[in-house]
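# Coordinate analysis (summary)
Each chain is listed here by its residues.
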Amino acid sequence: MKPTDTFYGVRIARLHLELTEKCNAACPLCIRTNPDGLRPQSYLGTQELRLDDLRAFLPVELRRNLLEVHMCGSYGDPIMAKDCLAIAALFCTPNCSVSLSTNGSARSTRWWSELGRILAKNPKSRVDFHIDGLADTNSFYRRNTSFAKIIKNATAFIEAGGQANWEFIPFKHNEHQIEQARELSRQLNFARFTIKKSNWIFSEERPKIAFTDRNGKTCYLEKPSSIYMPDKGKTRASVIPDSDNQEINCLALFQNELYISCESIVYPCCWVARHARNIYLGKDTKDGFSELFQRYNGNEIFNLKRHSLEEMLHSHFFMALSEWWSTNQPPICFKKCGLKNQPEKIKTTNVTNGG
Ligand code: SF4
Ligand code: SF4
């Protein structure tokens, strides 16, 4: 990345929104879940991005330039946000697609039909349902979810015209069901079935991970067969900061994309956002980005309740950030946007326009 590459003056085309820090589920490895008892981390509350906030933060001239809005985030599931439907309707147009990542196990089928009708306005719009198994296995990882409810919701969404993708993380306890799940996804008219290799979870040295459920029972998540583990040399973790060819190519900058957290704070991407939040909680973080963000008082100057996006994009911070990539080589940026970074997914398409 050359030091002159910067967000300054960039026309934002993509937004990643963390609508909320609330979630109905309690996945043991999620950043929001305390693995000792599967309750939400004590510092989480009910912060949300509301419709009126987003209208004010992103005036119509700015919204007009948008090509994609993704609703996911680090600490919550977008379907739990009060204004999720209204926000999807605000952004989804024939020119701008809207996508959501969700466990799918909240809200009524009526709500999902409405979301399907809203997203049908743009053929690239979609919902990624994260379903890691079938009726007897999905909730081992997606705790507190109901497989039957997810399937009813996805069906209502698809029947109303929405495009749905099934995303499946293989573990030892569910990998035998991959073909059955793929077949079910075809029968239910999911557009795509994707196996997400768990390159952020397991390694040969770390084949299983313990957690304690809400009844105090110790449980283990175990790594799947090697065919569902990422290839050696391609994992994000294999990117080493002091290697010669570790140039950073900022994905957010490349895609003209920004991230807005549920606290209304703007970051380049969700990966640095979750680390920067740690620093304000007084936790130790070695990501290399948070230090710069804190030095610039990012929590204050990148808060959309206090400053406009225009002001932020013209601030010195983004110039400093691009220099920071060259001089300080923040580990989080190397991990996510180093040259060798190759996230692995195996996708199968169920319908001809599934992408
Ligand atoms: S559904 Fe998503 S946000 Fe909710 S606990 Fe699981 S991983 Fe975290
Ligand atoms: S991890 Fe760093 S380099 Fe990658 S998108 Fe985020 S800010 Fe840019």
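Here's a quick rundown of the structure. (Residues numbered from 1 in each chain as written. Chains lettered and ligands numbered in written order. Predicted model: local features only at pLDDT ≥ 70, side-chain atom pairs only at ≥ 80, totals over all residues.)

If you tally the helices and strands in the protein, you get 14 helices and 13 strands. Split into buried and exposed, the 355 residues of the protein put 42% on the buried side. Taking as baseline every contact in the protein between residues at least 6 positions apart, the subset at least 24 positions apart corresponds to 78%. (Helix = DSSP H or I, 4+ residues; strand = E, 2+ residues; numbered from the N terminus. Buried ≥ 20, exposed ≤ 12 C-beta atoms within 10 Å, placed from the backbone. Contact = placed C-beta atoms within 7 Å.)

Looking at ligand 2, the residues that line it are Ile248, Cys250, Leu251, Ala252, Pro268, Cys269, Trp271, Val272, Ile332, Cys333, Lys336 and Cys337. Counting residues per element, the shell around ligand 2 draws most heavily on helix α14 (residues 331–337), at four residues. Taken together, the residues that form the shell around ligand 2 break down as eleven nonpolar, no polar and one charged. (Near = placed C-beta within 6 Å. Nonpolar A, V, L, I, M, F, W, Y, C, P; charged D, E, K, R; others polar.)

Taken together, Cys23, Ala25, Ala26, Cys27, Cys30, Arg32, Thr33, Gly76, Asp77 and Asn103 form the complete shell of residues around ligand 1. Classifying every residue of the shell around ligand 1 gives five nonpolar, three polar and two charged.

A few words on helix α4 (residues 109–119). Turning to α4, its buried residues are Trp112, Leu115, Gly116, Ile118 and Leu119. Down the axis of α4, the smallest arc covering the buried residues is 160°, so these residues share one side. Elements that come into contact with the buried residues of α4 comprise α3 (84–91), β5 (97–102) and α6 (147–159). (Arc of directions from axis to C-beta.)

Ranked by size, the top nonpolar core spans 83 residues in total, and within it Leu19, Val69, Ala88, Phe91, Ile260 and Tyr267 carry the most contacts. Once you skip the residues sitting within four places of it in the chain, Tyr267 turns out to touch Tyr259, Ser261, Val272, Ala273 and Ala276. (Core = buried A, V, L, I, M, F, W, Y, C linked by C-beta atoms within 7 Å.)

An ideal rise of 1.5 Å per residue puts 18 Å on 13 residues; α6 measures up with 18 Å between its terminal C-alpha atoms. Buried within α6 are the following residues: Ile150, Asn153, Ala154, Ala156 and Phe157. When α6 is viewed along its axis, its buried side chains cluster within an angular range of 160° and face the same direction. Tucked into the core, α6 has its buried residues touching α4, β6 (126–130) and β7 (164–168). Once α6 finishes, Gly161 follows within two positions and takes phi at roughly 110°, a positive value. (Expected span 1.5 Å × (residues − 1).)

Only a minority of non-glycine residues have a phi that is not negative, and only a minority of peptide bonds are not trans. Positive phi outside glycine occurs at Asn144, with the angle close to 70°. Position of Asn144 relative to the elements: it lies in the loop between α5 (138–141) and α6. Exposure remark for Asn144: the 15 C-beta atoms within 10 Å place this residue in the partly exposed category. Positive phi is not limited to glycine here, since Gln329 has a value of about 45°. Within the fold, Gln329 resides in the loop between α13 (316–327) and α14. Since 16 C-beta atoms lie within 10 Å of it, Gln329 is described here as partly exposed.

All right, on to the packing of α3 against α4 then. α4 packs onto α3 with a crossing angle of 10° between their chain directions and a minimal axis gap of 9 Å. Classified by the angle between their axes, α3 and α4 sit roughly parallel to one another. Contacts between α3 and α4 involve Leu85, Ala88 and Ala89 from the first element and Trp111, Glu114, Leu115, Ile118 and Leu119 from the second. By residue class, the composition of the contact of α3 with α4 is seven nonpolar, no polar and one charged. (Axes fitted to C-alpha atoms, helices over the stretch in contact; angles between N-to-C directions. Parallel < 35°, antiparallel > 145°, perpendicular 65-115°, else oblique.)

Moving on, we get to the pairing of strand β10 (residues 218–222). Pairing analysis gives five bridges linking strand β9 (residues 208–212) to β10, with the strands arranged antiparallel. Each residue of the ladder has a partner; that of Ile209, found in β10, is Leu221. From the end of β9 to the start of β10, which pair antiparallel, there are five residues, and Gly216 there has a positive phi angle of about 85°. (Pairing = 2+ DSSP bridges.)

Moving on to the environment of Asn328. Mapped onto the elements, Asn328 comes out in the loop between α13 and α14. Put simply, Asn328 and Phe289 are 39 residues apart on the chain and 9.3 Å apart in space, counted from C-alpha to C-alpha.

Bear in mind that shape data such as this cannot, by itself, settle questions of function.
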